[in-house]
Amino acid sequence: MKDDFFKYQAQTTPHPLALEIAHAKGSYIYDTEGNAHLDFVAGVSACCLGHCHPKIVQAIKSQTDKYMHVMVYGEYVQEPAVAYTKLLASHLPKNLETTYLVNSGTEAIEGALKLARRYTGRSELIAANNAYHGNTMGSLSVTGYEARKSAFRPLIPNVRFIQFNSLSDLEKITKKTAAVLLETIQGGAGFILPKNDYLKEVRQRCNEMGALLILDEIQPGFGRTGKLFAFEHFDITPDILVVGKGMASGLPVGAFIASHKMMATLQEHPKLGHITTFGGNPVIAAASLATLKEVTESQLITYTLEKEQLFRSLLVHPLIKEVRGKGLMLALLFEKIEIVNYLVLEAAKKRLILFWLLFEPKAVRISPPLTISEEEIKIGCLQIVDLLNAYQ
Ligand SMILES: Cc1ncc(COP(=O)(O)O)c(C=O)c1O
């Protein structure tokens, strides 16, 4: 099967890990030889409830028994999407009451950017250096990493960049700016948190200039940082919130969320301002609904912060320069790229799944399922420390 994988399935790197998957359950992925691999990555923060959580599987099965796809987005009243968007609104500030469900994080970013331009009548977009927002043309245009996008230029015009956490750069936000798009916690850049009152200052400047604030919570959303949404740590509210990844416990999904008034502008001039065949798909909405119920009705979010402390107490080693991030979105920072590559590849041999970050080559990602047990955390951390002890 591996040969066919390399021949028939398009690849994005010359050396994919190419683990052959048989099945997955809880915090473990099982290969075709029957080995269990402890998952400290969770499908890059997507499997927030672990693999094949019984409540999610049941929700999907119940929905597939009823109907799977009946109409393009927005025409018919489909209970899973309505129930989901209503429940989501109940967990969000008042201005984030209306949700547009789409198929992926990058499409949600596209929708948010279109909405910002349509609502403000302005075209300039401001994003941050080293930000990652997805891989379609619009999202790539606001991604702040030239090396990964120069081959695809020309991208969309009128995008400017600021330095995340730089207060002086906020002057670049002006009355020409439609929106400022930031990750609440920068992911690909190395799990960088906003410092002090940075996000409050951004919010303030946006208010003064009449620019919208869009927060990309595709990675930190749905409990990963110890709050349902990471912006709750920083005492601000965005005008548009973008989510995805963990939202449906491992099914493809995304959403952008704004006020009813703002969203209504997608209905006219032009009408059908954003359309999608599969957005709001009932099976995925059912999985999203079951996920949101489980995340909010259990103690998972509270435990996330306790689990972060456990990771931090166990991952102490002279080679680890810093453990960065929040909750179960953690990055181990090293002095040399070689240590990162060694750790990820040797851990894979020991059946512990770790991964790289997109733009920070000196970091190792740790983003396990929120359901990971203390025992599993201890097993994996011990393996990491043993591997670092063996590093020469
Ligand atoms: C912060 C952030 N924004 C956007 C995306 C793009 O989401 P997707 O891969 O679902 O298109 C990602 C995915 O890694 C992300 O982490």
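In the block above lies the structure referred to throughout.
Residues numbered from 1 in each chain as written. Predicted model: local features only at pLDDT ≥ 70, side-chain atom pairs only at ≥ 80, totals over all residues. Heavy atoms only, no water.

Participant: What's the story with the nonpolar core in this structure? I'm lost.
Facilitator: What tends to happen in soluble globular proteins is that the nonpolar side chains get buried as a cluster. Counting residues in hydrophobic clusters, the biggest one holds 77 residues, and the most contacted among them are F40, L182, L332, L343, L354 and I384. Formed by 24 residues, the second largest nonpolar core is a distinct cluster that contains Y100, A112, A179 and A258. (Core = buried A, V, L, I, M, F, W, Y, C linked by side-chain atoms within 4.5 Å. Buried < 20%, exposed > 50% of the residue type's maximum accessible area, 1.4 Å probe, protein only.)

Participant: How do you make sense of the sheet that holds strand β15 (residues 363–366) when you look at a structure like this?
Facilitator: Remark on secondary structure: sheet strands pair via backbone hydrogen bonds, oriented parallel or antiparallel. Taken together, four strands build an open sheet; the order of strands is β11-β12-β15-β14 and the sheet is antiparallel. A strand with exactly one partner marks an edge of an open sheet, and here the two such strands are β11 (322–326) and β14 (355–356). One ladder, built from four bridges, connects strand β12 (residues 329–333) with β15; its direction is antiparallel. Among the inter-strand pairings, A331 is bridged to a residue of β15, identified as R365. Along the sheet, helix α10 (residues 300–314) contacts β11, β12 and β15; its crossing angle with β11, the most-contacted strand, is approximately 175°. (Pairing = 2+ DSSP bridges. Helix = DSSP H or I, 4+ residues; strand = E, 2+ residues; numbered from the N terminus. Contact = heavy atoms within 4.5 Å. Axes fitted to C-alpha atoms, helices over the stretch in contact; angles between N-to-C directions.)

Participant: I would appreciate a short explanation of the pairing of strand β4 (residues 98–102) in the present structure.
Facilitator: Remember that side chains alternate between the two faces of the sheet whenever the strand is regular. Burial analysis of β4 places five of its five residues in the buried class, which makes it a mostly covered element. Covered by surrounding structure in β4 are T98, Y100 and V102 together with T99 and L101, the residues of both alternating faces.

Participant: How should I be thinking about the site of the ligand in this particular structure?
Facilitator: Close to the ligand lie S104, G105, T106, Y132, H133, G134, E183, D216, I218, Q219 and K245, which account for all nearby residues. Here T106 contributes a backbone N or O atom positioned 2.8 Å from an oxygen atom of the ligand. K245 is positioned such that a nitrogen or oxygen atom in its side chain is 2.9 Å from an oxygen atom of the ligand. Contact with the protein chains covers 80% of the free accessible surface of the ligand, which is 390 Å². Its residues assigned to classes, the shell around the ligand comprises two nonpolar, six polar and three charged. (Near = heavy atom within 4 Å. Polar contact = N/O pair within 3.5 Å; in protein donor to acceptor, adjacent residues only side chain to side chain. Areas by Shrake-Rupley, 256 points an atom, 1.4 Å probe, with all protein chains shown as cover. Nonpolar A, V, L, I, M, F, W, Y, C, P; charged D, E, K, R; others polar.)

Participant: When you look at the environment of R160 in this model, what are you seeing that I'm missing?
Facilitator: Among the structural elements, R160 can be located in strand β6 (residues 159–162). In this structure the C-alpha to C-alpha distance between R160 and R148, which are twelve residues apart in sequence, comes to 17 Å. The contact partners of R160, leaving out residues within four places of it in the chain, are E124, L125, I126, A127 and K172.

These values are about where atoms sit, not about what they do.
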